[in-house]
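Single-letter residue listing:
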Amino acid sequence: MAEILAENLSGKDVMGTDGAEIGSLYNITMDISSGTLYNLVIDPAESLRNTDFEYTDQGRLLVPVERVKAVKDHMIVNR
């Protein structure tokens, strides 16, 4: 995957590989010492139903970065 600046990802819509709207990117978690990315933190879409992703205490989704398949107009992740 090509390099993308984090500032270009903020608020980007996130879609599933099945075309379902998942939500919009809120933040990304990472290990500060190694720079390893862990999870996309997503504000879920109101229409989102039946997901296996974990939720934070604030109701946001945690999507492992390994599930990201493409980043263009939307972020595409494996559901």
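Higher on the page you've got the structure.
Residues numbered from 1 in each chain as written. Predicted model: local features only at pLDDT ≥ 70, side-chain atom pairs only at ≥ 80, totals over all residues. Heavy atoms only, no water.

**Here's the deal with the overall build of the chain**
- The number of helices and strands found in the chain is zero helices and seven strands.
- Counting from the amino terminus, helix and strand elements in the chain follow one another as β-β-β-β-β-β-β.
- Per-residue burial over the chain gives 29% buried out of 79 residues.
- Taken as a whole, the chain presents about 5400 Å² of accessible surface, with 45% of it coming from carbon and sulfur. (Helix = DSSP H or I, 4+ residues; strand = E, 2+ residues; numbered from the N terminus. Buried < 20%, exposed > 50% of the residue type's maximum accessible area, 1.4 Å probe, protein only. Areas by Shrake-Rupley, 256 points an atom, 1.4 Å probe, with all protein chains shown as cover.)

**Concerning the pattern of salt bridges**
- Applying the stated rule across the entire model yields two salt bridges.
- The closest approach of N and O atoms between R79 and D18, which form a salt bridge, is 3.7 Å. One end of the pair, R79, is in the segment after β7 (75-77); the other, D18, is in the loop between β1 (13-16) and β2 (21-30), with 61 residues separating them in the sequence. (Salt bridge = Lys/Arg side-chain N within 4 Å of Asp/Glu carboxyl O.)

**Some words on the packing of aromatic side chains**
- Using the criterion set out here, one finds zero aromatic pairs in the structure.
- Positioned above the aromatic ring of Y26 is the side chain of R60, whose terminal nitrogen or guanidinium carbon lies 3.5 Å from the ring centre. (Phe/Tyr/Trp six-rings, centres within 6.5 Å; stacked < 30°, edge-to-face > 60°. Lys NZ or Arg CZ within 6 Å of the ring centre and 35° of its normal.)

**Quick look at the nonpolar core**
- Core analysis: the largest hydrophobic core is formed by 15 residues, its most contacted members being I22, L40 and I42.
- Leave out the neighbours within four places in its chain, and L40 touches L25, N27, I28, L61, L62, V63, V65, V68, M75 and V77. (Core = buried A, V, L, I, M, F, W, Y, C linked by side-chain atoms within 4.5 Å. Contact = heavy atoms within 4.5 Å.)

**With respect to the sheet that holds strand β5 (residues 61-64)**
- Reading across the sheet, the seven strands line up as β4-β5-β3-β2-β1-β7-β6 and stay open at both edges, with mixed pairing between neighbours. Only two strands of the sheet have a single partner each, and these edge strands are β4 (54-55) and β6 (68-71).
- Sheet topology note: the β1/β7 ladder contains three bridges and is parallel. Each residue of the ladder has a partner; that of V14, found in β7, is M75. (Pairing = 2+ DSSP bridges.)

**Quick look at unusual backbone geometry**
- The phi dihedral of N50 is positive, around 50 degrees, even though this residue is not glycine.
- Assignment of secondary structure puts N50 in the loop between β3 (37-44) and β4.

**What about the pairing of β5?**
- A one-sided burial pattern is seen for β5, the buried positions being L61 and V63 and the unburied ones L62 and P64.
- Here β3 runs beside β5; their pairing, made up of four bridges, is antiparallel. Bridge pairing in β5 links N39 to P64.
- In the sheet, β4 pairs with β5 via two bridges, with the strands oriented antiparallel. From the neighbouring strand, E54 faces β5, where its bridge partner is L62.
- Taking the residues between adjacent antiparallel strands as the criterion, β4 and β5 are bridged by five residues, where G59 takes a positive phi near 85 degrees.

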